[in-house]
Amino acid sequence: MLKGVRNGARLYAIDPRRTTSAEWADAWLGIDVGSDIALANGMGREILAEGLENRAFIARATTGFEAYRESVEKYTLEHAAGVTGVPAEVIRELAHAYARADRAQICWTLGITEHHNAVDNVVAIINLALLTGHVGRYGSGLNPLRGQNNVQGGGDMGAIPNKLPGGVDVEDDASRARYERAWKATIPPKRGWHLSEMFEAMDHGQLKTAYVLGENPAQSEADCARAVRLLEKLDHVVVQDIFLTKTCEYAHLVLPAAASWCESEGTVTSSERRVQRVRKALDPPAGARDDIEIMCELARRLGRDWGKPTAEQVWDELRSLSSWHKGMSYRRLEELDGIPWPCPDENHPGSQFLHDRLWKEPIEGRPAPFSPVEFEPPVDTLTEEYPIRLTTGRRLDSFNTGVQTAGYASPLRRGETLDLAPEDLERYKLSEGERVRVVSRRGTVEAPVHVDPGLRPGLAFMTLHFQDDVATNLLTIDATDPKSGTAEFKATAIRIERPGAPGSARRAKAAVTAGSPAARPAKAAAR
């Protein structure tokens, strides 16, 4: 992005916080947390009102346009400004700049997806790209910037509940039968549970065993007190990881694994769908095993002998089934320095654009649908008792729950803090470094205060990096998007107390009664 800015590209940053990325932008849209749909719909209406839509592209490559036009009609610039907190003139400027640009991209991260209406947020963005034709062409597109280096690859390999490797729908009988024949096994014909549904199933006694690979749900789940309570009551928990995480404390069995980025052979897939080789540089420590070895040994003990395949042999089996990866031999991956899927055969260079089919005459496959969506506010409402909006995220020096970073020093690291706007420090008569109690409807933590001029009054920020010291996810709400299963990490209602203040201990004790119906009214309403 910075290379683009230096080459003359215009950058608009949409973020509740004035981040370092925003400092490079032509304009910063300091949006109120959770109002993304209102902003996107407001931009869409302005583009339509000024006749800036790509009518030719809409006519030949999309469906549902009239329903979309009707749905955004009420999102005037004034209405969008009132909901989002972004001045109407700035919304107008961005809408015109995006629509008039020869090439334009929308890039987003977890600030869009960690909401109770995550899929609708993404759909609102997709609508803008379809409205302007900024998709499937060089320099234009929709780019979800993944939070981890192989999220795309995990999904491509079938690590999502409704897909088999290569993006095949598990409920498609003909496709599923092809995999069943290759694997000599019966595959359940219905989609499985995503992570949030797994915890719901634990709560209802439907899921009694968990196998956790490279995940730390005891600290990474929203409302983590509830997550721990549910993990504790399972009949059997297996954790496979390179570190002894907090989740391991609730496991009946821990399987030490190799570090896949340096102790294993394999592949990794980036956000641009580029599959690249990962090469083993070190042997794992004594007692740790490669994931493939662990899986094959587990299968053998369960009565299925898969032998001792190499990573390349596993990959070749995948290529025999996935049309996306068919032309990606290890040899070609090395020769071409990675290949973006789909790559249907060994003469194919890989697909530079995923949706260039929409520009072909005639278009290939189905037209792209407009999908009208409506703004919904965050589930955890602000009240006099909980007047501050807490949003969570990462800092540059650390990663997620700190499992892979907290054990190493960084000159950038300063530990967990409750970041507040200068105006809020003055309003609450707080000082830099003062320790306060942070209370939500689900739990309470203590943390030192840090002033952040990039925050607006009424908005607080914390990370998840130091859960052993400050368990931020005791505060967050596990209201989840029914379509994706993502929890609303980005929008928690809190209040600030001084430890020892009159009445604060009683209120904090009530708030930390995690899991009780009274403690989670917003979640019940969301469902």
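Refer to the preceding data block for the structure.
Keep in mind that what you see is a predicted model, and the values were worked out from it rather than measured. (Residues numbered from 1 in each chain as written. Predicted model: local features only at pLDDT ≥ 70, side-chain atom pairs only at ≥ 80, totals over all residues. Heavy atoms only, no water.)

### As for the overall build of the protein
When its secondary structure is counted, the protein shows 20 helices and 20 strands. Considering only C-alpha atoms, the protein reaches an extent of 65 × 60 × 45 Å along its principal axes. The buried share of the protein, reckoned over its 527 residues, is 47%. Restricting to contacts in the protein with at least 6 residues of sequence separation, those with at least 24 account for 66%. As displayed, the protein offers around 26000 Å² of accessible surface, 53% of which is attributable to carbon and sulfur atoms. For the protein, the distance from the average site of its 66 positive side-chain charges to the average site of its 74 negative ones is 1 Å. (Helix = DSSP H or I, 4+ residues; strand = E, 2+ residues; numbered from the N terminus. Buried < 20%, exposed > 50% of the residue type's maximum accessible area, 1.4 Å probe, protein only. Contact = heavy atoms within 4.5 Å. Areas by Shrake-Rupley, 256 points an atom, 1.4 Å probe, with all protein chains shown as cover. Lys, Arg positive; Asp, Glu negative; His and termini not counted. Charge placed at Lys NZ, Arg CZ, Asp CG, Glu CD.)

### Section: the state of the cysteines
Per the counting criterion, the structure on display carries 0 disulfides. Here C262 stays unpaired: no disulfide links it, and the sulfur of C248, its closest cysteine neighbor, is 18 Å away. (Disulfide = S-S within 2.5 Å.)

### What to know about the side chain of D478
Mapped onto the fold, D478 is located in the loop between β19 (459–463) and β20 (492–497). Note on D478: relative accessible area 5%, which makes it buried. Polar side-chain contacts of D478 include one of 2.9 Å to the side chain of R226. (Polar contact = N/O pair within 3.5 Å; in protein donor to acceptor, adjacent residues only side chain to side chain.)

### Examining the environment of A491
Mapped onto the secondary structure, A491 falls in the loop between β19 and β20. For A491, a relative accessible area of 0% puts it in the buried group. Between the alpha carbons of A491 and T476 there is a distance of 7.7 Å; along the sequence they are 15 residues apart.

### Focus: the pattern of salt bridges
Two side chains bearing opposite charge may form a pair once their charged atoms approach each other closely. Here the structure, examined in full by the defined rule, presents 43 salt bridges. Here E73 makes a salt bridge to R45, at a shortest N to O gap of 3.0 Å. One end of the pair, E73, is in the loop between α5 (65–72) and α6 (77–84); the other, R45, is in helix α3 (residues 36–49), and 28 residues separate them in sequence. Relative accessible area serves as the criterion here: at 43%, E73 is assigned to the partly exposed category. For R427, the salt bridge is made with D424, and the minimal N-O distance between the two is 2.2 Å. With R427 and D424 both in helix α18 (residues 422–427), this residue pair falls 3 residues apart, about one helical turn. (Salt bridge = Lys/Arg side-chain N within 4 Å of Asp/Glu carboxyl O.)

### Points about the sheet that holds strand β11 (residues 266–269)
Within a sheet, each strand pairs with its neighbour through backbone hydrogen bonds, oriented either parallel or antiparallel. As summarised here, the arrangement of the 3 strands in space is β11-β12-β13, forming an open sheet in which the pairing is antiparallel. Every other strand in the sheet has two partners, leaving β11 and β13 (339–340) as the edge strands with one partner each. In terms of strand pairing, strand β12 (residues 274–278) meets β13 through 2 bridges, oriented antiparallel. Counterpart to R274 in the pairing with β13 is P340. (Pairing = 2+ DSSP bridges.)

### Quick look at the sheet that holds strand β9 (residues 236–241)
Here 3 strands make up an open sheet; going across it, the order is β8-β9-β10 and the pairing parallel. At either margin of the open sheet sits one strand with a lone partner, and together these are β8 (209–213) and β10 (253–256). Taking each pair of neighbouring strands and ignoring which way they run, the sheet shows an average axis angle of 10°. Pairing of β8 with β9, which is carried by 5 bridges, proceeds in the parallel orientation. Within β9, the position partnered with Y211 by the bridge is V238. (Axes fitted to C-alpha atoms, helices over the stretch in contact; angles between N-to-C directions.)

### Examining the packing of aromatic side chains
What the rule picks out here adds up to 5 aromatic pairs. Here the aromatic cluster, defined as three or more aromatic residues joined through ring pairs, consists of F65, Y68 and F370. Above the plane of the ring of F461 lies R17, whose end atom (NZ or CZ) is 3.6 Å from the centre. (Phe/Tyr/Trp six-rings, centres within 6.5 Å; stacked < 30°, edge-to-face > 60°. Lys NZ or Arg CZ within 6 Å of the ring centre and 35° of its normal.)

### Considering the nonpolar core
In this structure, M43, I91, L128 and L131 are the most contacted members of the largest nonpolar core, which totals 45 residues. Elements with a minimum of two residues in this core: β2 (27–29), α3, α4 (55–61), α5, α6, α7 (88–100), β4 (105–108) and α9 (118–132). When residues of this core are assigned to their parent elements, the largest contribution, 8 residues, is made by α9. In this structure, C224, I388, L390 and L418 belong to the second largest nonpolar core, which totals 20 residues. (Core = buried A, V, L, I, M, F, W, Y, C linked by side-chain atoms within 4.5 Å.)

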